[in-house]
Amino acid sequence: MDPTLEPLARSLRQAPVVDRDGYEYFVHGVTDGIPPIEPAVLRAVADGISERVDLETVDKIVAPEAMGIHHGTALSVATDVPLVVVRKRSYGFPEEVAVHQETSYSEGELFVNGVDAGDRVLLVDDVLSSGGTIEAVCDALEAVEAELVDIVVVLRRVDVDHADVSRDVTSLLDVRVRDGQVEVLE
Ligand SMILES: O=P(O)(O)OC[C@H]1O[C@H](OP(=O)(O)OP(=O)(O)O)[C@H](O)[C@@H]1O
Ligand SMILES: Nc1ncnc2[nH]cnc12
């Protein structure tokens with residue numbers, strides 16, 4: 001494992017796991033903003049993404065609300081690449097693209113504004129579970145004719161079926177929940 005990600009891995013192993021209608025949901029600063037996320041972990045995530053993607057080739061970082069925002073922000077501050085937040089609220093702008101989002105435990109609408117045709121985009125999110133969120137945002141980016149440079153998530157759940165994810169997704173760490181605890185794969 002990337003040694004800079006060791007503190008993140010250690011804290012993940014301590015994360016409480018709660019039941020959301022049968023879905024084992026872990027609660028961690030990366031995915032929930034609670035317990036508090038250490039600045040060193042935020043930096044390690046931003047550094048980890050920067051090491052895996054050539055940010056020189058990216059015009060905009062796109063992050064879905066809510067839990068993509070702190071990672072997108074840390075990366076934007078570190079790289080000077082502008083950040084676009086995909087919102088769960090419509091603004092009614094003529095160029096707005098709405099897509100349906102289905103996660104492992106919820107569904108709703110997502111609204112993309114602020115991405116233009118030809119923009120080279122890096123999509124960043126906290127966690128890939130079913131992949132419904134990533135797929136929905138990618139569909140919206142395709143609709144506005146943005147160029148998707150890469151998709152990076154901090155965590156990929158390998159214990160949830162994401163067979164329907166049609167794009168390559170890079171993760172900093174792969175995790176699963178076993179016996180009520182988060183396991184980090186080496
Ligand atoms: O791979 P998936 O099954 O789509 O799950 C991953 C998504 O679920 C969570 O978002 P959620 O919409 O729950 O909202 P939040 O970020 O506001 O907590 C998380 O932040 C990801 O965006
Ligand atoms: N906080 C979380 N824990 C586990 N799986 C998730 N999928 C989306 N958010 C998650």
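None of these values were measured; they are calculated from a predicted model. (Residues numbered from 1 in each chain as written. Chains lettered and ligands numbered in written order. Predicted model: local features only at pLDDT ≥ 70, side-chain atom pairs only at ≥ 80, totals over all residues. Heavy atoms only, no water.)

Caption draft 1: A look at the sheet that holds strand 10 (residues 181-184). An order of 4-3-7-8-9-10 is seen for the six strands of this open sheet, with the pairing classed as mixed. Each edge of the open sheet carries a strand with a single partner, namely strand 4 (83-86) and strand 10. Sheet twist, expressed as the mean angle between neighbouring strand axes with direction ignored, is 25 degrees. Of the strand pairs in this sheet, strand 3 (residues 60-64) and strand 4 are connected by four bridges, and their pairing is parallel. By the bridge assignment for strand 4, Val62 is matched with Val84. The strands that helix 1 (residues 6-13) touches are strand 8 (147-157), strand 9 (170-178) and strand 10; relative to strand 10, the one it contacts most, it runs at about 155 degrees. Relative to strand 7 (residues 120-128), helix 5 (residues 132-143) is tilted by about 165 degrees, and along the sheet it contacts strand 3, strand 4, strand 7 and strand 8. (Pairing = 2+ DSSP bridges. Helix = DSSP H or I, 4+ residues; strand = E, 2+ residues; numbered from the N terminus. Axes fitted to C-alpha atoms, helices over the stretch in contact; angles between N-to-C directions. Contact = heavy atoms within 4.5 Å.)

Caption draft 2: The arrangement of the UniProt feature "domain: Phosphoribosyltransferase" (unreviewed entry) in the protein in detail. Using the residue numbers shown here, the UniProt feature "domain: Phosphoribosyltransferase" (unreviewed entry) corresponds to residues 39-157. A distance of 23 Å separates the end C-alpha atoms of residues 39-157, which is 31% helix and 34% strand. (UniProt positions renumbered as here; feature names shortened; annotations may be inferred.)

Caption draft 3: Structural detail: the site of ligand 2. Ligand 2 sits among Tyr23, Tyr25, Phe26, Thr31, Asp32, Tyr105, Val127, Ser129 and Arg157. Backbone polar atom of Phe26 to a nitrogen atom of ligand 2: 2.8 Å apart, as the coordinates give it. The contact in question runs from a nitrogen atom of ligand 2 to an N or O atom on the side chain of Thr31, over 3.3 Å. About the coverage of ligand 2: the protein hides 94% of its 260 Å² of free accessible area. Looking at the shell around ligand 2, the element that brings in the most residues is strand 2 (residues 23-26), giving three residues. Across the shell around ligand 2, the residue classes break down as five nonpolar, two polar and two charged. (Near = heavy atom within 4 Å. Polar contact = N/O pair within 3.5 Å; in protein donor to acceptor, adjacent residues only side chain to side chain. Areas by Shrake-Rupley, 256 points an atom, 1.4 Å probe, with all protein chains shown as cover. Nonpolar A, V, L, I, M, F, W, Y, C, P; charged D, E, K, R; others polar.)

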